[in-house]
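Next come the chains, spelled out residue by residue.
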Amino acid sequence: MKTYRITLKVQSAFGTPLVGDSLFGQFCWAIANHFGQDRLTSLLQGYTEQKPFAVFSDAFPSGYLPLPCLPSKFWQKTENVDRKVLKKKQWIPLETLQQPLSQWQQLAKAEKDVMEKTLRDQPHNSINRSTHSTGTGMFAPYMSEQIWYKPDTMLDIYLVLDEKRLTLAECEVLLDHIGKLGFGRDASIGLGKFERIQTNVFNHTNQGNAYLTLANTAPQQLDLDKTHCYYQITTRFGRHGDVKALMSNPFKKPIILAKTSSVFTPKKRPDIAPHFLGNGLGNVSYAQPEAVHQGYAPIIPIQIEFSE
């Protein structure tokens, strides 16, 4: 498998955050629509058994990665620094990976310093054709949140790909289709559009003794040193996409995952650093028993001085 860094240019507001597990779900629908359901079924063989064909990261500001979720004891101590300022530092430039990890927090930047993004409420309503007005119940006006980026904002996603099963050229065709159609909620009214700018192989030379995750992760039943794993959890209330979104029950079962930027330490360091970590999750839907959820995440090896 190889890891690719794919740069996207934002073309519209987004209704759904561009996160890895959601992107994987829409990517699977694109495979089924372009290459047929049989091709998707073949690609998903072994998905829940540590054999994913593709693993997507979240989208990050171009040229940056998330600051690892670590206790403050691992960061270099500085005098007279406002803790509120430190808490806002969440993005590290890619070149920071070459520096000692203890310095990463000092070199990190707040989101407002690397990207302009705002959240806005968008009013919606449905017209009752018998009264030609809004009303109550299903015709009541409502608000939904949208994510707005500064024009020409660039985002990076990281893709771990098994090219023996799905080629990079095929992936690029599918991502281009998703970008033109729109990603996530309200794509039908123009949200979630992006343009793929470039694709490069991403090689990180550090071997490291721990892994930084670039997407939500399901780390259970892995050979990890639990005393040196650091993460926060999130509950994903997923729902089906494409034609399945129109079912009477489009919702999936809730899933608890470790958030992006978690740090996991293996009990035994492998000779060759893996490209991803986690589990493929099955049994996530009552309405579609064969559905799966991406509990894998692309990873970057990092070196931590645990003796501290």
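Residues numbered from 1 in each chain as written. Predicted model: local features only at pLDDT ≥ 70, side-chain atom pairs only at ≥ 80, totals over all residues. Heavy atoms only, no water.

## Here's the deal with the overall build of the protein
Next up, step 1: Each helix and strand counted, the protein has 6 helices and 16 strands in total.
Next up, step 2: Compactness check: the protein gives a C-alpha radius of gyration of 20 Å against a globular reference of 19 Å for 308 residues, within 12% of the reference.
Next up, step 3: Along the longest, intermediate and shortest principal axes, the C-alpha atoms of the protein span 70 × 50 × 35 Å.
Next up, step 4: Counting across all 308 residues of the protein, residues that qualify as buried make up 47%. (Helix = DSSP H or I, 4+ residues; strand = E, 2+ residues; numbered from the N terminus. Rg over C-alpha atoms; globule rule 2.2 N^0.38 Å. Buried < 20%, exposed > 50% of the residue type's maximum accessible area, 1.4 Å probe, protein only.)

## Digging into the side chain of Asn 209
Next up, step 1: For Asn 209, the location among the structural elements is in the loop between β10 (194-201) and β11 (210-213).
Next up, step 2: Setting aside residues up to four positions removed in sequence, Asn 209 forms contacts with Thr 265, Pro 266, Arg 269, Ile 302, Gln 303, Ile 304 and Phe 306. (Contact = heavy atoms within 4.5 Å.)

## Focus on the pattern of salt bridges
Next up, step 1: Counted according to the given criterion, the structure contains 11 salt bridges.
Next up, step 2: For Glu 170, the salt bridge identified is with Arg 39, shortest N-O distance 3.1 Å. Separated by 131 residues along the polypeptide, Glu 170 in helix α6 (residues 168-181) and Arg 39 in helix α2 (residues 37-43) bring together distant segments of the chain.
Next up, step 3: A relative accessible area of 24% places Arg 39 in the partly exposed class.
Next up, step 4: Asp 176 serves as the salt-bridge partner of Arg 196, at 2.9 Å between the closest nitrogen and oxygen. (Salt bridge = Lys/Arg side-chain N within 4 Å of Asp/Glu carboxyl O.)

## Quick look at helix α1 (residues 20-35)
Next up, step 1: Taking 1.5 Å per residue, 16 residues should reach 22 Å; α1 reaches 22 Å between its end C-alpha atoms and fits that length.
Next up, step 2: Buried residues of α1: Gly 20, Asp 21, Leu 23, Phe 24, Gln 26, Phe 27, Cys 28, Trp 29, Ala 30, Ile 31 and Ala 32, and no others.
Next up, step 3: After α1 finishes, the residue Gly 36 shows a positive phi value of roughly 100 degrees. (Expected span 1.5 Å × (residues − 1).)

## Quick notes on the nonpolar core
Next up, step 1: In this structure, Phe 27, Phe 53 and Phe 56 are the most contacted members of the largest nonpolar core, which totals 40 residues.
Next up, step 2: Elements with a minimum of two residues in this core: β1 (2-10), α1, α2, β2 (54-56), β8 (142-149), β9 (154-161) and α6.
Next up, step 3: Element by element, the count of residues in this core is highest for α1, at 7 residues.
Next up, step 4: Those residues within four positions of Phe 56 in sequence are excluded, and the remaining contacts are Gly 20, Leu 23, Phe 24, Phe 27, Ile 157, Tyr 158, Leu 159, Leu 175, Ala 215, Gln 294 and Pro 298.
Next up, step 5: Within the second largest apolar cluster, 24 residues are counted, among which are Trp 91, Ile 92, Leu 94 and Ile 300. (Core = buried A, V, L, I, M, F, W, Y, C linked by side-chain atoms within 4.5 Å.)

The values reported here are purely geometric and, on their own, carry no functional implication.
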